[in-house]
Each structure stands twice: as C-alpha cells, then as structure tokens.
Amino acid sequence: PPILGTAQRVGPLVTGDGAIGDQLGRALVHDGTTLVVGARQAVLPAATTSDGFKSGAAYVYTDSGTAFVAAQRIEPPDAAEGDLFSVSLALAGDVLVVGAPGADRDGISNRGAAYVYRRSAGSWAWEATLAGADPGAGDNFGSAVAYAQGTILVGAPGHGGGPAEAGAVFAFRQVAGAWTLVETL
C-alpha cells in the first residue's frame, strides 16, 4: 500500500475559524488537488444580528503534494439561520455543488437549496441556485448532491409533502448557459 506521509490536521486551526459546533468535516469531497470540507453549522456574519447566522460554510484546500493549504471559504449568496449549507458536496473539475437542505426560501420552511460554484483563475464564484419543481415545506432539497458528466443530481427526501413524503431526485443540465431542471425522478 502507498505511504500517505505525515498526518496533518486540516480543520479549525487551518481555517482560522474553529467555533464550537461548526461540525467541520461532516461532508467532504476530493477531486484532483482540490479538497472541499463542509461545516454545516458555521456561523456567518450578518448585518441584521451581531451574533451572525448559523448557516454553514465550505472550506476549500489545495493539495500541494506535501500538505493541504487553505485556499477559500465559500458561503451561500443568501445566507440565513439554519440553512445547513454544505451538508452535502459534489465536485468534479471546476464545478462544485453545495447542498443546503435547511434553507427556508420564499416563506417555505426547510424547502432547501443547492448552490453551484465554478472555479475560474483559481477562485470559486457562485454561479446558480437550484430549486426543485413545486417546492414545499420539509422537502429538504439538497440533502444529497452529485455531479458528473454535466449533470447535477439533487435529492429532496421530503418532497411530495403530506404523509407520503416519497421524496424525489431532480436532474439539472446546462441549457443555453443556464442550469435547467430536465428531469424529476
């Protein structure tokens, strides 16, 4: 078996954050020389409260071959309390998908969201916010995310509402430059 080298702590001391309860490491994804680690309860600054929002964040590291080097902290473009941003992560090449199943949007509790980020010139920038068809309370859209071969899949285990809550998986592809819902499973 290959020798992986000296153990390295990749966490709060590297990110400069390290607040109790951030839950750094509950989700992670690695592709090539990029490692993304989720902290689904990280507190983000907020103009409306001095305490900030416990919304979540994702931390990007670059693998130098001898160590993981902190590169960027990714936050949702519309952070709010309880989003659970980064509970799920998907990464391939220059596309990163971040799930936030606790996101309350448009007055719908735990509707959820998934965010697409694209790397350009070494930096990650928000590209799109995805939502399922006919969103409802408790859908938890973004509980699971996957990305491969130009298709983003997003799980919503509570979709369907009522006692059934059968769940659904939504498939998105880029159509004319925009991420578009193409199928619901």
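Every value quoted in this text rests on a predicted model; they were computed, and no experiment measured them.

Draft legend 1. Layout of the overall build of the chain. Assigned secondary structure in the chain consists of 1 helix and 14 strands. The proportion of buried residues among the 185 residues of the chain is 38%. Within the chain, counting contacts between residues at least 6 apart in sequence, those at least 24 apart form 42% of the total. Carbon and sulfur atoms form 54% of the exposed surface of the chain, whose accessible area is close to 9300 Å².

Draft legend 2. Structural context of unusual backbone geometry. With a phi close to 55 degrees, Ala 121 is a non-glycine residue in the positive phi region. Its identity is not glycine, yet Asp 134 carries a phi of approximately 50 degrees, on the positive side. You can see Asp 134 is positioned in the loop between strand 10 (123–130) and strand 11 (144–148).

Draft legend 3. Broad picture of the sheet that holds strand 8 (residues 95–100). Sheet architecture is open: 4 strands sit in the order 7-8-9-10, paired in antiparallel fashion. Each of the sheet's edge strands pairs with one partner strand only, and the pair in question is strand 7 (88–92) and strand 10. Across the sheet, the axes of successive neighbouring strands diverge by a mean angle of 20 degrees, strand direction being ignored.

Draft legend 4. The sheet that holds strand 13 (residues 168–175), seen in detail. Taken together, 4 strands build an open sheet; the order of strands is 11-12-13-14 and the sheet is antiparallel. Each edge of the open sheet carries a strand with a single partner, namely strand 11 and strand 14 (178–184). For this sheet, the mean inter-axis angle between neighbouring strands, taken without regard to orientation, is 25 degrees. As defined by bridge partners, strand 12 (residues 151–156) adjoins strand 13 across 6 bridges and the pair is classed as antiparallel. Bridging across to strand 13, Val 154 finds its partner in Phe 170.

Draft legend 5. Structural view of a nonpolar patch on the surface. On the surface, Leu 153, Val 169 and Leu 185 cluster together into a nonpolar patch covering about 240 Å² of accessible area. Relative to the helices and strands, Leu 185 is located in the segment after strand 14.

Draft legend 6. Molecular detail of the packing of aromatic side chains. Considering all chains together, one arrives at 5 aromatic pairs under this definition. When the ring of Phe 141 is compared with that of Phe 170, the centres are 5.6 Å apart and the planes differ by 55 degrees; the resulting orientation is tilted. Of this pair, Phe 141 sits in the loop between strand 10 and strand 11 while Phe 170 sits in strand 13; the two residues are 29 residues apart in sequence, bridging distant segments of the chain. Feature note: the residues Phe 85, Tyr 115 and Tyr 117 constitute an aromatic cluster, connected by ring pairs.

Draft legend 7. Region of interest: the side chain of Asp 83. Position of Asp 83 among the secondary structure elements: in the loop between strand 6 (68–74) and strand 7. If we ignore the near neighbours within four places in the chain, the residues touching Asp 83 are Lys 54, Ser 55, Pro 76, Asp 78, Ala 100, Pro 101, Gly 102, Ala 103, Asp 104 and Arg 105.

Draft legend 8. Summary view of the pattern of salt bridges. Counting across every chain of the model gives 6 salt bridges. With a shortest N-O distance of 3.0 Å, Glu 75 and Arg 73 are connected by a salt bridge. For Glu 75, a relative accessible area of 34% gives the class partly exposed. For Arg 73, a relative accessible area of 29% puts it in the partly exposed group.

Draft legend 9. Spatial organisation of the confidence of the model for the chain. Of all residues in the chain, 81% attain a pLDDT of 70 or more, and the chain-wide mean is 85. Confidence drops under pLDDT 50 across residues 12–16; counting only partners more than four residues distant or on other chains, this segment forms 8 contacts.

Criteria and cut-off values
Residues numbered from 1 in each chain as written. Predicted model: local features only at pLDDT ≥ 70, side-chain atom pairs only at ≥ 80, totals over all residues. Heavy atoms only, no water. Helix = DSSP H or I, 4+ residues; strand = E, 2+ residues; numbered from the N terminus. Buried < 20%, exposed > 50% of the residue type's maximum accessible area, 1.4 Å probe, protein only. Contact = heavy atoms within 4.5 Å. Areas by Shrake-Rupley, 256 points an atom, 1.4 Å probe, with all protein chains shown as cover. Pairing = 2+ DSSP bridges. Axes fitted to C-alpha atoms, helices over the stretch in contact; angles between N-to-C directions. Patch = residues over 30% accessible without salt bridge, like charges linked within 9 Å, V, L, I, M, F, W, Y side chains within 5 Å. Salt bridge = Lys/Arg side-chain N within 4 Å of Asp/Glu carboxyl O. Phe/Tyr/Trp six-rings, centres within 6.5 Å; stacked < 30°, edge-to-face > 60°. pLDDT = per-residue confidence, 0-100.

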